[in-house]
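# Working through the structure, step by step
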Amino acid sequence: MRLHLKIWRQARPDTAGRLVDYTAADVSPDMSFLEMLDVINEGLVRKGEDAIAFDSDCREGICGMCSLVVNGVPHGPDRGTTVCQLHMRRFRDGDTITVEPWRARAFPVVKDLVVDRSAFDRIIAAGGYVSINVGGAPDGNAIPIPKAIAETAMDSAACIACGACVAACKNASAHLFMSAKIAQLALLPQGQPERYSRVVAMIDQADAEGFGSCSNEAECEAVCPKEIPISNIARMTREYVKAMMHSR
Ligand code: SF4
Ligand code: FES
């Protein structure tokens, strides 16, 4: 396959960026999207040019590092798939593909396609933890939790903190990300000690970081590689109301 790429290049956070045209020749349909970028970078390095900066780590869909908007869609065209698991067979010979970074005020561009997502770390540090000693796995297994609740909590725990939900949202809201953690811990006995302080602290931190609010567009759910449902956001809102009443 021969592909035409328009890739966002931005040297530094404080400089203007622009889309730059590249051609990728001899692309195998079996390559992943990131492997295709690796091949472009090898060509750039051979020519003595600056390689395109982009984030990746596991390349197995579990770490949440890869963060590319492909043809306007965070993580690209495949539903429930991270961009590292997107393969070139999804495209046709001669296609033009646009590649951009996440776009949100709270995720400033560091370089090219790399954004600073440390705002998510600060939200988790504000409340996404349990303070009690919960013991090891055998102790966890000894606590009787109804299967339906355990499975719902586990589904919420599947969030990999990639930030695609923020990138897809017109409000740059972090609600789906936050609600996944809040729902997971609100459902389980281990999460009860901080249940009410957690939801308030995490939402306050998200506001301080510059994330927007939720207007129920469901764009986040549509692009989430772990298919976290927006019913988590409804649960988070209920938790917040309970927290307000609890504090009175
Ligand atoms: S909710 Fe989904 S899209 Fe948002 S950070 Fe978690 S895994 Fe990524
Ligand atoms: S590189 Fe880890 S999820 Fe994509």
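Given the structure is predicted, the values throughout are model-derived calculations rather than measurements.

## Regarding the site of ligand 1
Taken together, Cys159, Ile160, Ala161, Cys162, Gly163, Ala164, Cys165, Leu176, Phe177, Cys224, Pro225 and Ile228 make up the full set of residues near ligand 1. Taken together, the residues of the shell around ligand 1 break down into 11 nonpolar, 1 polar and no charged.

## Brief notes about the packing of aromatic side chains
Using the criterion set out here, one finds 5 aromatic pairs in the structure. Where Phe107 meets Phe120, the ring centres are 5.2 Å apart and the plane angle is 75 degrees; that geometry is what we call edge-to-face. In this pair, Phe107 is assigned in the loop between β5 (96–101) and β6 (109–111) and Phe120 in helix α2 (residues 118–127), connecting sequence segments 13 residues apart. For the pair formed by Phe107 and Phe120, the shared burial category is buried. Ring centres of Phe120 and Phe211 lie 5.8 Å apart, and the angle between their planes is 40 degrees; on these two criteria the pair is classed as tilted. Of the two residues, Phe120 is situated in helix α2 and Phe211 in the loop between α7 (195–209) and α8 (219–223); the sequence distance between them amounts to 91 residues. Like Phe120, the residue Phe211 is buried in the burial classification. Directly above the ring of Trp8 sits Arg103, whose terminal nitrogen or CZ lies 4.1 Å from the centroid.

## Quick notes on α2
Three or more residues of α2 are buried, namely Ala119, Phe120, Ile123 and Gly127. Angularly, the buried residues of α2 cover 105 degrees about the axis, an arc narrow enough to put them on a single face. Seen from the open side of α2, the exposed residues pointing more than 90 degrees away from its buried face are Asp121 and Ala125. Buried residues along α2 sit in contact with α5 (164–168), α6 (175–187) and α7.

## As for the packing of helix α4 (residues 147–156) against α6
Helix-helix packing: each pair is described by the crossing angle between the helix axes and the interaxial distance. Two elements in contact, α4 and α6, have axes whose closest approach is 8 Å; the angle formed by their N-to-C orientations is 155 degrees. It follows from the interaxial angle that α4 and α6 lie roughly antiparallel. Between α4 and α6 the crossing geometry is left-handed. Counting all contacts with α4, which are made through Ile149, Thr152, Ala153 and Ser156, the residues of α6 involved are Ala180, Ala183, Gln184 and Leu187.

## Section: the pairing of strand β1 (residues 3–9)
Within β1, 5 of the 7 residues are buried, leaving the element largely enclosed by the surrounding structure. Bridge count for β1 against strand β2 (residues 18–24) is 7 bridges, and the pairing is antiparallel. Residue pairing in the sheet places Arg9 in a bridge with Arg18 of β2. By the bridge criterion, 4 bridges tie β1 to β5 in an arrangement that is parallel. Along β5, the bridge assignment pairs His4 with Thr96.

## Focus on the pattern of salt bridges
A full pass over the atoms with the stated rule returns 16 salt bridges. Among the ionic pairs, Arg59 bridges to Asp38, the shortest N-O distance being 2.8 Å. Residue Arg59 is found in the loop between α1 (33–46) and β3 (68–70), and its partner Asp38 is found in helix α1; the two are separated by 21 residues along the sequence. Accessibility expressed as a relative area gives 28% for Arg59, which makes it partly exposed. Arg195 serves as the salt-bridge partner of Glu239, at 2.7 Å between the closest nitrogen and oxygen. You can see Glu239 sitting in helix α9 (residues 231–246) and its partner Arg195 sitting in helix α7, a full 44 residues away along the chain. A single burial state applies to Glu239 and to Arg195, both of which are buried. Within the structure, one salt-bridge network assembled from shared partners comprises Arg9, Asp50, Lys111 and Asp112.

Here is what the cut-offs are and how they apply
Residues numbered from 1 in each chain as written. Chains lettered and ligands numbered in written order. Predicted model: local features only at pLDDT ≥ 70, side-chain atom pairs only at ≥ 80, totals over all residues. Heavy atoms only, no water. Near = heavy atom within 4 Å. Nonpolar A, V, L, I, M, F, W, Y, C, P; charged D, E, K, R; others polar. Phe/Tyr/Trp six-rings, centres within 6.5 Å; stacked < 30°, edge-to-face > 60°. Helix = DSSP H or I, 4+ residues; strand = E, 2+ residues; numbered from the N terminus. Buried < 20%, exposed > 50% of the residue type's maximum accessible area, 1.4 Å probe, protein only. Lys NZ or Arg CZ within 6 Å of the ring centre and 35° of its normal. Arc of directions from axis to C-beta. Contact = heavy atoms within 4.5 Å. Axes fitted to C-alpha atoms, helices over the stretch in contact; angles between N-to-C directions. Parallel < 35°, antiparallel > 145°, perpendicular 65-115°, else oblique. Left-handed = near helix turned anticlockwise from the far one by under 90°. Pairing = 2+ DSSP bridges. Salt bridge = Lys/Arg side-chain N within 4 Å of Asp/Glu carboxyl O.

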